[in-house]
4 protein chains.
Amino acid sequence: MKKGILRPGHVQIRVLDMEASVKHYVELVGLILTHRDSQGRVYLKGWTEVERFSVVLVEADKPGMDFMGYKVIDDQSLVQLTQDLLAYGCQVEHIPAGELDFCGRRVRFFGPSGHWFELYAEKEYTGRWGIAEKNPEAWPRGLKGMRAMRFDHCQLHGGDLHLTRELFIDVLGFHLAEQVVNEEGHAVANFLSLSTKAHDVAFIEDGNIGGFHHASFLIDTWEGLLRAGDLISMSDTSLDFGPTRHGITHGQTIYFFDPSGNRNEVFAGGDFHYPDQKPITWDEKHLGKAIFYHSRVLNERFLTVMT
Amino acid sequence: MKKGILRPGHVQIRVLDMEASVKHYVELVGLILTHRDSQGRVYLKGWTEVERFSVVLVEADKPGMDFMGYKVIDDQSLVQLTQDLLAYGCQVEHIPAGELDFCGRRVRFFGPSGHWFELYAEKEYTGRWGIAEKNPEAWPRGLKGMRAMRFDHCQLHGGDLHLTRELFIDVLGFHLAEQVVNEEGHAVANFLSLSTKAHDVAFIEDGNIGGFHHASFLIDTWEGLLRAGDLISMSDTSLDFGPTRHGITHGQTIYFFDPSGNRNEVFAGGDFHYPDQKPITWDEKHLGKAIFYHSRVLNERFLTVMT
Amino acid sequence: MKKGILRPGHVQIRVLDMEASVKHYVELVGLILTHRDSQGRVYLKGWTEVERFSVVLVEADKPGMDFMGYKVIDDQSLVQLTQDLLAYGCQVEHIPAGELDFCGRRVRFFGPSGHWFELYAEKEYTGRWGIAEKNPEAWPRGLKGMRAMRFDHCQLHGGDLHLTRELFIDVLGFHLAEQVVNEEGHAVANFLSLSTKAHDVAFIEDGNIGGFHHASFLIDTWEGLLRAGDLISMSDTSLDFGPTRHGITHGQTIYFFDPSGNRNEVFAGGDFHYPDQKPITWDEKHLGKAIFYHSRVLNERFLTVMT
Amino acid sequence: MKKGILRPGHVQIRVLDMEASVKHYVELVGLILTHRDSQGRVYLKGWTEVERFSVVLVEADKPGMDFMGYKVIDDQSLVQLTQDLLAYGCQVEHIPAGELDFCGRRVRFFGPSGHWFELYAEKEYTGRWGIAEKNPEAWPRGLKGMRAMRFDHCQLHGGDLHLTRELFIDVLGFHLAEQVVNEEGHAVANFLSLSTKAHDVAFIEDGNIGGFHHASFLIDTWEGLLRAGDLISMSDTSLDFGPTRHGITHGQTIYFFDPSGNRNEVFAGGDFHYPDQKPITWDEKHLGKAIFYHSRVLNERFLTVMT
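Residues numbered from 1 in each chain as written. Chains lettered and ligands numbered in written order. Predicted model: local features only at pLDDT ≥ 70, side-chain atom pairs only at ≥ 80, totals over all residues. Heavy atoms only, no water.

- An unreviewed UniProt entry lists chain A under the name Metapyrocatechase, with Pseudomonas extremaustralis as the source organism.
- Its UniProt record gives chain A a comment under Cofactor (unreviewed entry), which states: "Fe(2+)".
- In the Catalytic activity (unreviewed entry) part of its UniProt record, chain A is described as follows: "catechol + O2 = (2Z,4E)-2-hydroxy-6-oxohexa-2,4-dienoate + H(+)". (UniProt positions renumbered as here; feature names shortened; annotations may be inferred.)

## Digging into the sheet that holds strand β11 (residues 187-193) of chain B
All names here are of chain B.
So, step 1. Taken together, the 9 strands give an open sheet; going across it, the order is β14-β15-β16-β13-β9-β12-β11-β10-β17, and neighbouring strands pair in mixed fashion. A single partner strand is all that each edge strand has here, and the edge strands are β14 (239-245) and β17 (280-283). Here the strands of the sheet are splayed against their neighbours by 15° on average, with no regard to which way each runs.
So, step 2. Here 6 bridges tie strand β10 (residues 175-181) to β11, and the two strands are oriented antiparallel to one another. Paired with L176 across the bridge in β11 is L192. (Pairing = 2+ DSSP bridges. Helix = DSSP H or I, 4+ residues; strand = E, 2+ residues; numbered from the N terminus. Axes fitted to C-alpha atoms, helices over the stretch in contact; angles between N-to-C directions.)

## Side note on the UniProt feature "domain: VOC" (unreviewed entry) in chain A
All names here are of chain A.
So, step 1. Here, UniProt's "domain: VOC" (unreviewed entry) annotation points to residues 7-122 and 150-269.
So, step 2. Overall, residues 7-122 shows 22% helix and 40% strand. The separation of its end C-alpha atoms is 13 Å.
So, step 3. The span residues 150-269 carries 20% helix and 46% strand; its end-to-end C-alpha distance comes to 13 Å.

## Quick look at the pairing of strand β9 (residues 150-158) of chain A
Looking down a regular strand, the side chains alternate between one sheet face and the other.
All names here are of chain A.
So, step 1. Extensive coverage of β9 is indicated by the burial of 9 of its 9 residues.
So, step 2. Alignment of β9 against strand β13 (residues 211-218), held across 7 bridges, turns out to be antiparallel. Paired with H157 across the strands is G211, a residue of β13.
So, step 3. Here β9 pairs with strand β12 (residues 201-205) via 4 bridges, running parallel. When the bridges of β12 are listed, Q155 appears paired with A202. (Buried < 20%, exposed > 50% of the residue type's maximum accessible area, 1.4 Å probe, protein only.)

## Some remarks on the domain arrangement of chain A
All names here are of chain A.
So, step 1. Domain annotation for chain A reports domain 1 (5-120) and domain 2 (150-304).
So, step 2. The gap between the C-alpha centroids of domain 1 and domain 2 is 20 Å.
So, step 3. Domain 1 puts 41 residues into the contact, and the matching count from domain 2 is 40 residues.
So, step 4. For the pair domain 1 and domain 2, the summed buried area comes to about 3000 Å², and 73% of that belongs to carbon and sulfur atoms.
So, step 5. When the buried area of domain 1 at its contact with domain 2 is split by residue, L28, Y88 and P112 rank highest and sum to 20% of it.
So, step 6. At the surface where domain 1 touches domain 2, the tally comes to 0 salt bridges.
So, step 7. With 9 residues, the top contributor of residues to the side of domain 1 that touches domain 2 is strand β1 (residues 5-15).
So, step 8. Looking at side-chain class alone, the side of domain 1 that touches domain 2 contains 25 nonpolar, 11 polar and 5 charged residues. (Domains from an automatic or database assignment. Contact = heavy atoms within 4.5 Å. Buried area = accessible area lost by both parts, 1.4 Å probe. Salt bridge = Lys/Arg side-chain N within 4 Å of Asp/Glu carboxyl O. Nonpolar A, V, L, I, M, F, W, Y, C, P; charged D, E, K, R; others polar.)

Written out as C-alpha cells, the structure is:
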C-alpha cells in the first residue's frame, strides 16, 4: 500500500448470457446483486466488501475480462500515481466519474501483459452487506451458495513479465510475494501483493496475450470449500479442479467455470506476505506441486483454457 | 450386529518390502505398531481400537489381501455362525488360536467374490492406545502422520454379487446400506453394514476375481483429510484421488497407494444407516458422481488398478 | 441392538408457548416441521431421520419431558420385549396405534428414574428430508438455523441408577458405554448405548426424580457448533455453556434453552463404543473435566436447572 | 503501513520461573526457541515469522510486559518516525544495536497508556522455521502443542485513550479498526491496525495504568482452537475463557494463563479492515457480546486480572 493502492476494487467480466450468469454468480458463488445500470451491466459484491460493487458483468459476444480496477486511498495518491504512470511512459486514459454507476473517475492504462487496468479513489461506500456498522453480528442471514466474502484477485496471462513487474512494483508499489522461475532463471509467473495478502494479482508469461485465467473469491474455511464443491455438483456446474491445496500461497482452492467459460476460483486460507519478506521461489519443474499441492500434476485444461 | 458379528476386526495385507511398508503405515498413515511375530509379520492398529491389532502386514511376492476377519461378540455366536455357514453350503476351515499371535480360533471361509473371510471371537484386549481407561484424555500424544483412528472396511472386487449378498445378509447378518444398479436393474456394487456404519465391506462385481481395491481407515475430520493430502505430498507418496467427497455414503475421502501398490483410503464423516432404513440406490450411469461427488468423473486408474 | 431396539425414536416435550417453541425448534435448531395433530401437538424431525417425526411438542403448564420412545426393529421383537418387561416386573401400558399420528402401537413403561419410556415398531417411513432416495445429494437445500441432523438422546435425572441399569441393560439390551463413579465406587451416572453411539440415553442419579436435563441433537462438525453459537447469540437465545468439548464421549457440544426453559444440546463428533468394549469410567472428583473438558469446572446451573 | 511501520515485531514478557515458562511457550503454545542470550533471556518465534525472534522472556520478580516493539520497513522510515515522535513531544530513548541479540538499534518511547514501545528496522532474517525458502512445503514437521504461527498483538490497559489514539494514528500511521464507546460517546477501547489485520494493538482505558492484559498468537483454524483447548486441559493449564468467538473482530479465541499469570490468547480467523473502511463501533452496554460473542457475559476475571 506504499503508493496508496489498497486492493483490487473491481473486475468487469464479459458473459454470453446475462441471466444465466447472474444466476451463477448470485445463487452459486453467493455474490450480492447490488445494481443494474442503464447499459444492462450487473453490479455485484461479496458481503464483506464495503463499496457498492466489485464485480461488473457485461453481456458480450465472447467471454473474458474487460478490465481490472484497483482502489486508491485518496485522490491525491491517484494524481501522483497518474504522474508516475506517465513518467514511466504509460499511455493513460481518463474515464469520467459515473461511467460505472457509483464510481468516481478512473485512470486507465494498458499493461505489458495485454490487459487493461484502472485506478480509482472514489466509490459509493455502502458498508458490509447484511450486518450493521454498530455492534455487527458475525455474519448476515440470507447468504446464498458459496457465500463468497470478497473479490480477491485475478490471474492474467500474457507477454513480458519483466516489464509487467517493473510497472507493478516500481511504479505502482506492489511487492513480489511469490514467483515461478524456469531452468534459465527466468521468472515465468509472478504473484504480486499490495498488503499482506498472498497476492492481489497473478501474472503468467505465456503466449495467451491478454488471457484471463480466473477471477478469485475468498471464502471462509476449508469446510466452506467442501460445501462449494457440493454446490458445484448439485448445480451441475463445470468443475475444473479441487478441492485441494495450492503449493503457491498454500491456500485451499477449488476451480470451476461460469456459464460463459470464464474460470472462477474460490479459496480459503493461505500464507501472508509482508513487504520485508523475501519472495518465495518455485522451480518450474515443480510447477505441478506449486499449483496443485496434493496431486502434483497439472491438468492440461488448467494450463491452456482461458478466456 | 443381529447375528453377533460386530465389525471388521483385521485384514492381512501382502507387501513387497516390509520395512518400506512399516514406514508407510506407521509414519504416514499413523497406525500403531503393536507386534512382530516369529514369521516376520507386522501387527498394527488404529489408536481408538481396543484389540491388539487390526492390520497384519506379511511380506510376499505380490501385493493384495490374504484375508479379512470379522469380530464376533462371543464364542456361542461363533459356533452358531459356523453352523449357519455350513448349513448354507460354505466350506469352512478352522484356524487354531495362536496362528495369529494374540488372536483366538478363527473360522475361515471362501466367499463367492473370490476372497477369504474369517470370524473370530477372541483377541487380546489392550484398550485404546495412549489414553487411560479411566478419565481418558481426548486423544493421545505422540500420534504420527494421518493419525488413523481405526481400520474401517475393505472394498473387494469379483464375481457373483447375488451370491455374495445372500451369504453376507442372510447368513451373516449384514444389511444392505447402499447399492449401484445398472440399467437392467442388476446390482453391480453392494455396500454392507453390520451396525449403523455406512459400510463394513463393499463388494463390486466385475472381472477382477479376488481383487483388493482398498483398505480404508477412519480419520476424524475434513481438516484431517487436508493434512493427509499434505502428508501424501510431503512424503512423495503416490496419490490416487482426493481430497473430495463420495456420493455413496457422502463421506469425505482421499485415496493413495502403499509402496507395494495396495490402495489405501482415509476418510471422514459420512452417513449413518440403521437396519430399518431402505437401501440407497445409485444408478450406474451416475457412477462418477456416486464415487467422486465433486468431479463426477472416474479416473480409469480407480476402476482398473487393484491388487 | 441385540434385543431389537435400534435407537431413540421420539421424545415428547412440554412447552409453554407453542408458536415461540416452533420458532425455536424450526428456525434456530433447524428441525423440519412435518405435522400438527388434532390435539395441537407439533411433529418435528431432523433431516437425516427416515421416519415421519422424532420430536413432539405439546403445550402444557410446565415444561419437561412427557416420554421418550425407542424404535424396535419389528413387531415380533416388540412382543418379546413386552414379555421381558412383564417378566422383569414392569407394569406396561398399551397405547394404540394412531394416538400419535403416523405411529403404530406403543408399549409404555415407567422407569426407576421416574420417567416414562415407550417402545414402538411402526412409524410412517418418509425417508430423509429434502434429498432423493435414489442418487441422493449430500445435503438438502433449504435447511434452517443449526441444521440439526437427528434427535440423538436425552439426559434424564432421578433415582436408583442400579435398577435403571438392570432394566436397560439386562431387559432391553443396552450396553454401558461410560459411567461416573463416586469415591465409594457407586455409579452416579450411566451412559447407555444400543449400537456404537456414545450413548442413546444418559441417566444421572440425584434427587431430581423424573428430571429432564436435556434433549440432544446431532450436527455435523465442530464448525457447525461455531455457527450454532453464533445463531444462539444472533437470536438472543439463552446459552447455558459452550462451545466446548465433553470429557465423557469426547464429543463437542453447546447447551442452550428453549423458550420454556427446556435445555437443548447440539453436539458433533465423539467416540464410538462397541458392545465388546469395556465401559469407560470417570471418577466423580473429575466430574468437571468429564462434563466440560476445557474449563474443568461445572457451572451450578448445569447441575441443578432442569425441567 | 503508510508511515513504514509493518507489524508487531516483538514483545518482552517478564516471567517468574524461566524453565516453567519455556516449557509453557514451547511445549504448549508451540513457539520455536531460537536463542538464549548472555543475560539469560529466551528468544522465541512462531514458525511463520521470518525474523529471528518475536517473543523475549526475561526472568523477573513480577510478571508483565517490559515493552512491545514494531518493525519498520527501513532505517529511513525509522529516522522519519523518530523525528515525528520528537516533533509530537515524545521523549525518545535510543537503544543500540545488539542490546537484544540479532536486533538492530531500537527507538523507544513511553506511551500515554503507561507502556514502553519501540521501533526497529533491522533484525536477523531467518526465514520461516522448518520449511525451505524454495518450493516450500505447506507446514513444517515437528511443530509442538498449539503450533502458534506468529505473535500477533497485545492488549494493553491504561490511561488516556485520546492521547494514545493521537500518537498511534496521527504520528505512527495506525488506523482505527474498531472501538468501544460508552454512553457519553467516549471511546473506552481502541483496536488499531497497521495493515488489514483486525488489529496490531488493542488499548483499553481503565485504571490499570501500564496493565498487560494479554499477548496473542495466531493459529490456523477453529479446529486448531479445539486442539488448543484440549492441550490446555491435558497440561493442567489455567484456562480463562473459550473456545468461543469474539464480537469485536469476529475472530475465534481461547484465553489461558502462563505459569507466571500472564494471560495468553490464541485465535483464528476474524475480519480484515482496510484503511479506507470506517471504524466499527461497539456500544459499551454490549461489551459482553463484543468480547464473548456466544455467552454475551464477561467473567470478572477477564476485566480485572492482568499483569
